[in-house]
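Examining the three-dimensional arrangement
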Amino acid sequence: MQALMRPGGALHIRIDGPDGAPALLMLNSLGTDLRLWDGLMPHLSGFRVIRYDKQGHGLSDLWDGSTIAAHAADAVAVIEAAGGPVTLVGCSIGGLIAQVVAAERPNLVRALVLSNSAAKLGNADSWNQRIAAVQAGGTEAIADAVMERWFAAPFRASPQLALWRNMLARTGAPGYIAACRALAASDQTGATRALRLPTLVIAGSQDGAAPPDLVRATADLIAGAEFHLIDGAGHLPCVETPAAMAAILIPFLERHA
Ligand SMILES: O=C(O)CC1=CCC(=O)O1
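Residues numbered from 1 in each chain as written. Predicted model: local features only at pLDDT ≥ 70, side-chain atom pairs only at ≥ 80, totals over all residues. Heavy atoms only, no water.

- The name an unreviewed UniProt entry assigns to the chain is 3-oxoadipate enol-lactonase, from the organism Paracoccus tibetensis.

In structure tokens:
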């Protein structure tokens, strides 16, 4: 296991793939850890894949995770520790963090992939309601409702659902709440409209958290961005439909990473 020390604590990071291969930095969604990408990894053998647990998630400490800027600073530290420019692949809040890194540190970013993400996700009221529910009952209290947003019905009927539900329900309330506060306060619309780098945007037709129209509206902000809809996928296509996601992702990475 590998740790990256930050001023406030340790980030759990993992790097797979050959040194010298084009580097990808994977940025996880809310309530998940770096295992989010396990299903996609067999498709990414030609790349150096850098993953980490964001603050308050997985094995990483929590010290300052209540702003997107703090999470973006962690992502920049991971890129610098890994030695240089990467393609960012962010899912949901991970895509929001990616947009901030791309806007503020363009020299560190070759290309941008936003999966099931947007320049603004949800609104302050909905995040504050979620924070109140987690304060009252922990992440267990919201787990069933979140599974409905994460996955389409066929995946929810599979045995794997229990494991993803456990991942969420075992995420500590402080880290989860901090990330919700970051989401409540974040709107990247202006900065994302100014992005000028190769960008791929992916949506899932069954996504209950970042519906396709919202995701497409963010693609429309970025000059030249490619938009793809995965039919039948929910909020986490890297889990639910990794082969379909790879069929979109790999040609883009071969051109731009
Ligand atoms: O938990 C959800 O509803 C889905 C989600 C929103 C932001 C994120 O990262 O995941």
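Anyway, onward from the coordinates.
1. Focus: the site of the ligand
- In the neighbourhood of the ligand, 13 residues make up the surrounding shell, with Leu30, Ser92, Ile93, Arg130 and Arg149 lying closest.
- At 3.0 Å, a backbone N or O of isoleucine 93 approaches an oxygen atom of the ligand.
- When isolated, the ligand has an accessible area of 280 Å², and the protein chains bury 98% of it.
- Taken atom by atom, the bulk of the ligand overlaps the second largest pocket.
- Elements that contribute at least two residues to the shell around the ligand include exactly helix H3 (124-137), helix H4 (143-150) and helix H7 (173-184).
- Of the residues contributing to the shell around the ligand, the split by class is 8 nonpolar, 3 polar and 2 charged. (Near = heavy atom within 4 Å. Polar contact = N/O pair within 3.5 Å; in protein donor to acceptor, adjacent residues only side chain to side chain. Areas by Shrake-Rupley, 256 points an atom, 1.4 Å probe, with all protein chains shown as cover. 1 Å grid on protein atoms, 1.4 Å probe; cavity = no way out; pocket = protein on both sides within 12 Å on 5 of 7 lines; lining within 4 Å. Sits in = over half its atoms within 2 Å of the grid points. Helix = DSSP H or I, 4+ residues; strand = E, 2+ residues; numbered from the N terminus. Nonpolar A, V, L, I, M, F, W, Y, C, P; charged D, E, K, R; others polar.)

2. With respect to the pairing of strand S7 (residues 199-204)
- Where burial is concerned, most of S7 is hidden: 6 out of the 6 residues are buried.
- By the alternation rule, side chains of S7 split into Thr199, Val201 and Ala203 and Leu200, Ile202 and Gly204, which are all buried.
- Alignment of strand S6 (residues 109-115) against S7, held across 4 bridges, turns out to be parallel. Following the sheet pairing, leucine 114 is matched in S7 by valine 201.
- Pairing between S7 and strand S8 (residues 226-230): 5 bridges, direction parallel. When the bridges of S8 are listed, isoleucine 202 appears paired with histidine 228. (Buried < 20%, exposed > 50% of the residue type's maximum accessible area, 1.4 Å probe, protein only. Pairing = 2+ DSSP bridges.)

3. What to know about the pattern of salt bridges
- For the structure on display, the rule yields 11 salt bridges.
- Residue arginine 51 pairs with aspartate 16 through a salt bridge whose shortest N-O separation is 3.3 Å. With arginine 51 in strand S4 (residues 48-52) and aspartate 16 in strand S2 (residues 9-16), this pair connects stretches of sequence that are 35 residues apart. No difference in accessibility class separates arginine 51 from aspartate 16, as the two residues are buried.
- The shortest N-O distance in the salt bridge between aspartate 38 and arginine 51 comes to 2.8 Å. With aspartate 38 in the loop between strand S3 (23-27) and S4 and arginine 51 in strand S4, the pair connects residues that are 13 residues apart, well separated along the chain.
- Accessibility expressed as a relative area gives 40% for aspartate 38, which makes it partly exposed. (Salt bridge = Lys/Arg side-chain N within 4 Å of Asp/Glu carboxyl O.)

4. A word on the side chain of serine 186
- Relative to the helices and strands, serine 186 resides in the loop between H7 and helix H8 (189-193).
- Apart from residues lying up to four places away in sequence, serine 186 is in contact with Ile68, Leu96, Ala119 and Lys120. (Contact = heavy atoms within 4.5 Å.)

5. Focus on unusual backbone geometry
- Positive phi is not limited to glycine here, since serine 92 has a value of about 55 degrees.
- Structurally, the position occupied by serine 92 is in the loop between strand S5 (86-91) and helix H2 (93-104).
- If you check the backbone angles, asparagine 116 has positive phi at about 50 degrees while not being a glycine.
- Here asparagine 116 shows up in the loop between S6 and H3.
- With relative accessibility at 0%, the residue asparagine 116 sits in the buried group.

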